[in-house]
Structures are given as C-alpha cells and as structure tokens.
Amino acid sequence: MKILLVEDEPKLASFVKKGFENEGYELDIAYDGRMGRSLFQQHAYEVIILDINLPYINGFELCRLIRADDPQVPVLLLTALDSLDDKVSGFEAGADDYLVKPFEFKELLLRTRALAKRNSDAGSVKRLLRIADLELNLDSKTVTRNQQRIDLTTKEYALLEYLLLNRGKVISRVDIAERVWELNFDTNTNVIDVYVSYLRKKIDRDFKPKLIHTVVGMGYVMREG
C-alpha cells in the first residue's frame, strides 16, 4: 500500500513514516499543501492522510482539490482541531475519516487499513481520469480511447495525466516543464511542443472530438471540442 502524508511537523511526519514502513507500507511525505497536491498529481496513492493547518493550501482546501480530481481515493484528516464544527468542515470537504491529535499510531494504522479495504471492496473501483471517450487508469497506467488501447511512452503518459488532471484549464509550457519534466523551462527548446504533437497523433488524430487544444501565446488545454 502506498500512502501520502501531508504534515508540516517534521518529527510527527517522521514518526508516522517509520511506523508505516515498519508495517511494510510505503509512505511519501509532503510538508505543505502545495507539495502535497503536487505529489498527489504525480503518483497513485491508496490512502491520503492530511493535516489541516498546512502552509500554502490548508487541509480542507487540499481535500476539496483532491476530491475534484479523484472522487474515490480515501482521505483521512489527522489534526489537532477537535471541535464539532471542524469535523463537519472536514467531512463536507470530502474526507472519509477524521482522527484527532494526539493519537495512538495503532489507531491510525487500523483506520488507514480500513479505508484502503473499504475502497478496494467497493467493487475494486478503478481510479480513472476521463474526458469524452478517453480513459486513463491511474492504477494500471493504461490509456484507452473509444475502448481502444493506446500505447504511450513514460513522458507521453505523464503529459497526458497532467493535462487530464487540469482538464478545462489552460496550462502553460512553464507549468508543463516544471510538473512533467521537473526542470526549469528553456525558451529555446521545443521539446514540449514535440511531445504534445506525439500525444495528439496517438489520442486525437483518428478520433473525434479533438481533445488537446492550443491557446496561442498561453499554452495548451484539454477539453471536448
């Protein structure tokens, strides 16, 4: 099981990470909401554990953003905020569970296992990103359009996933360079345009409607028509 923990207290984060790894699980740590969202967009997680009082993007808002992209992934809020209003806000943001600090690690472990099992038992729900007849499976890392399998390279897949996660939004070349290539954008290179062209040939050329659109002077957007 791969878990994402978004927690700005390094000692607590380290304690939780060690506990899960001792149980044989893999856990990534983000120390602020912005970093948490970035990791969520780049990887598939079975469970996400969020603090609420986070820098840049708080846990409530991060939970809403995660829910907008993936309605299925279980989210547990782990926080010192223990009022009824805080819990209501957490569940209204889309959280599946709420555990108040201080806590026993064993309880966190049990709740995390229960969330993962519940999600798995719900008909083994596939975690999909969809637009029109295009589907990207976040778990199997496969892509289909009109039920036809489309083979993509690692970078083509990463580019398509990022466009789908931000469908309807205009994404600049700078954003794509930072998120997909994890490097500073070089204005003298056309690598992003080249990969967008590769992707169009595979998912748009033989299908309708066209899904990847150029916004002149601004970047690219994925939308129907």
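Everything that follows concerns the structure shown earlier in this document.
Only a predicted model underlies this, so the values are computations on that prediction, with no experimental measurement involved.

Take the overall build of the protein chain next. Along the backbone of the protein chain there are 8 helices and 11 strands. Here the C-alpha radius of gyration of the protein chain, 19 Å, is about what a compact globule of 225 residues would show, namely 17 Å. C-alpha extents for the protein chain along the principal axes are approximately 55 × 40 × 35 Å. The burial tally for the protein chain puts 48% of its 225 residues in the buried class. Sequence separation of 24 or more characterises 56% of the internal contacts of the protein chain that already satisfy a separation of 6 or more. By element, 48% of the accessible surface of the protein chain is carried by carbon and sulfur atoms, the whole surface being about 11500 Å². Between the mean site of the 33 positive side-chain charges and the mean site of the 36 negative ones, the protein chain shows a separation of 5 Å.

Core analysis: the biggest nonpolar cluster contains 28 residues, and Leu-134, Leu-136, Leu-160, Leu-164, Ile-176, Ile-203 and Met-222 have the highest contact counts within it. Every element with two or more residues in this core is listed here: β6 (128-131), β7 (134-137), α6 (154-165), α7 (173-181), α8 (191-203) and β11 (219-222). Take this core: its biggest share by element is 7 residues, from α6. For Leu-160, the residues in contact, after removing those within four places along its chain, are Leu-134, Leu-136, Val-143, Leu-152, Leu-199, Ile-203 and Met-222. Counting 22 residues, the second largest nonpolar core, distinct from the first, contains Tyr-45, Leu-50, Val-75 and Leu-77.

Right, let's talk about the packing of α7 against α8 for a bit. Closest axis-to-axis distance for the α7/α8 pair is 10 Å, and the angle between their directions is 80 degrees. Overall, the two elements α7 and α8 adopt an arrangement that is roughly perpendicular. Contacts from Arg-173, Ile-176, Ala-177 and Trp-181 of α7 reach α8 at Val-191, Ile-192, Asp-193 and Tyr-195. When the residues that make up the contact of α7 with α8 are grouped by side-chain class, the tally is 6 nonpolar, no polar and 2 charged.

As a further point, take unusual backbone geometry. Note that the residue after Lys-101, namely Pro-102, is joined by a cis bond; omega there is -10 degrees. Among the structural elements, Pro-102 can be located in the loop between β5 (97-100) and α5 (105-121). Here Lys-208 and Pro-209 are connected by a cis peptide whose omega angle stands at 0 degrees. Relative to the helices and strands, Pro-209 is located in the loop between α8 and β10 (212-215).

Conventions used here
Throughout this description, residue numbers start from 1 for each chain and increase along the sequence as written. With the structure being a predicted model, the display of local features is reserved for residues of pLDDT at least 70 and the display and counting of side-chain atom pairs for 80 or more, all residues being used for whole-chain, interface and lining totals. Think of the side-chain values as coming from all heavy atoms in the structure, minus any hydrogens and water. Numbering goes from the N terminus for both helices and strands, where a helix is a DSSP run of H or I of at least four residues and a strand is a run of E of at least two. Two things to know: the radius of gyration comes from C-alpha atoms, and the globule rule equals 2.2 Å times the number of residues to the power 0.38. When a residue's accessible area, from a 1.4 Å probe over protein chains only, is under 20% of the maximum for its type it is buried; when over 50% it is exposed; and in between it is partly exposed. By definition, residues are in contact when any of their heavy atoms lie within 4.5 Å. The method behind every accessible area is Shrake-Rupley, applied with a 1.4 Å probe, and residues are considered shielded solely by the protein chains displayed. Residues counted as positive are Lys and Arg, residues counted as negative are Asp and Glu, and His and the chain ends are not counted. Every charge is mapped onto a representative atom, which is NZ of Lys, CZ of Arg, CG of Asp or CD of Glu. By convention a nonpolar core is built from buried Ala, Val, Leu, Ile, Met, Phe, Trp, Tyr and Cys residues, the set being connected through side-chain atoms within 4.5 Å. Simply put, an axis is a line fit to the C-alpha atoms, just over the touching stretch for a helix, and the angle between two N-to-C directions goes from 0 to 180 degrees. Each angle is binned into one of four classes, with values under 35 degrees roughly parallel, values over 145 roughly antiparallel, values of 65 to 115 roughly perpendicular, and all other values oblique. In this count, Pro and Cys sit with the nonpolar residues alongside Ala, Val, Leu, Ile, Met, Phe, Trp and Tyr, while Asp, Glu, Lys and Arg are called charged and the others, Gly among them, polar.

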